[in-house]
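Below, each chain spelled out in residue letters.
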Amino acid sequence: ALADFPAVARRLANAERTEAARGAVTKTCAMRQVVRGNVALIGDASGTVDAITGEGLLSAFRQAIALAEALSTGELERYTEAHRRIARTPGRMARLLLLLDRHPMLRRRFIAALAARPEYFAELLSLHLGEQSCLEAIRSVAGEIIRGRGTPVWPAPYKERGL
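This brings us to the environment of Ala45. Topologically, Ala45 is positioned in the loop between β3 (39–40) and β4 (47–48). Looking at Ala45, the relative accessible area reads 44%, which means it is partly exposed. Along the chain, Ala45 and Met31 lie 14 residues apart, while their C-alpha atoms are 8.7 Å from each other.

Spelled out as structure tokens, the structure:
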């Protein structure tokens, strides 16, 4: 991709290559209060969700809209309630992704299930975008699994290892 960004390519031309993967550690952080008096916090200042979810800007935009609505009515407490609601889904997704990171076998099975049943991925994405509730997504996906229609067909490498 560097060919598409010649200025960056020039700056990196003499950089020493490294083989070790590097990255920053992030953590979910919830604030006890996002409103005090006539001050309201939005975006990262109001708490963060682990960067693994990619929710930073989307949450900030949703919070800004909720704050504007609360300011228009003069009821900042409405923003507090909206902020909590906005943070709920990204928080759940962060916990799910970090759970999968801690448990490789569970992660492999989860990915295999998504690969075998793309509609499960669509359900999770719909949940993540707030287009449906967590309960609706669980009912949909779990219901298919319980009825036997959603049982994942494990790709060969997973079957061979008994996963």
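For the rest of this paragraph, the subject is the packing of helix α3 (residues 76–102) against helix α4 (residues 104–116). With their axes 5 Å apart at the nearest point, α3 and α4 run at an angle of 120 degrees to one another. Relative to α4, the element α3 lies oblique. Residue-level contacts link Leu96, Leu99, Leu100, Asp101 and Arg102 of α3 to Pro104, Leu106, Arg107 and Phe110 of α4. Considered class by class, the residues forming the contact of α3 with α4 number six nonpolar, no polar and three charged.

On average, residues of the protein chain carry a pLDDT of 77, and 72% of them reach 70 or more. Note on residues 148–163: pLDDT is under 50 here. Beyond four places in sequence and across chains, it has 26 contacts.

On to α3, then. Residues three or four positions apart in an α-helix share a direction because the helix packs 3.6 residues into each turn. If you check α3, its first and last C-alpha atoms are 39 Å apart, about what 27 residues at 1.5 Å a residue would give, namely 39 Å. Where α3 bends most, the angle comes to about 30 degrees, and this point is Arg88, followed within four residues by the proline Pro90. Looking at α3, one finds that the buried residues are Leu76, Tyr79, Thr80, Ala82, His83, Ile86, Thr89, Pro90, Gly91, Met93, Ala94 and Leu100. On the buried face of α3, the contacting elements are β2 (35–36), β3, α2 (56–73), α4 and α5 (118–128).

The next subject is the nonpolar core. By size, the foremost hydrophobic cluster in this structure holds nine residues: Val34, Val35, Ala66, Leu67, Ala70, Leu76, Tyr79, Ala82 and Ile86. Residue assignment for this core shows that the elements contributing at least two residues are α2 and α3. For this core, the element with the most residues is α3, which contributes four residues. The contacts of Ala66, once residues within four sequence positions are left out, are Tyr79, Ala82 and Ile86.

What counts, and at which threshold
- Residues numbered from 1 in each chain as written.
- Predicted model: local features only at pLDDT ≥ 70, side-chain atom pairs only at ≥ 80, totals over all residues.
- Heavy atoms only, no water.
- Helix = DSSP H or I, 4+ residues; strand = E, 2+ residues; numbered from the N terminus.
- Buried < 20%, exposed > 50% of the residue type's maximum accessible area, 1.4 Å probe, protein only.
- Axes fitted to C-alpha atoms, helices over the stretch in contact; angles between N-to-C directions.
- Parallel < 35°, antiparallel > 145°, perpendicular 65-115°, else oblique.
- Contact = heavy atoms within 4.5 Å.
- Nonpolar A, V, L, I, M, F, W, Y, C, P; charged D, E, K, R; others polar.
- pLDDT = per-residue confidence, 0-100.
- Expected span 1.5 Å × (residues − 1).
- Bend = angle between axes of the 7 residues up to and from the residue.
- Core = buried A, V, L, I, M, F, W, Y, C linked by side-chain atoms within 4.5 Å.

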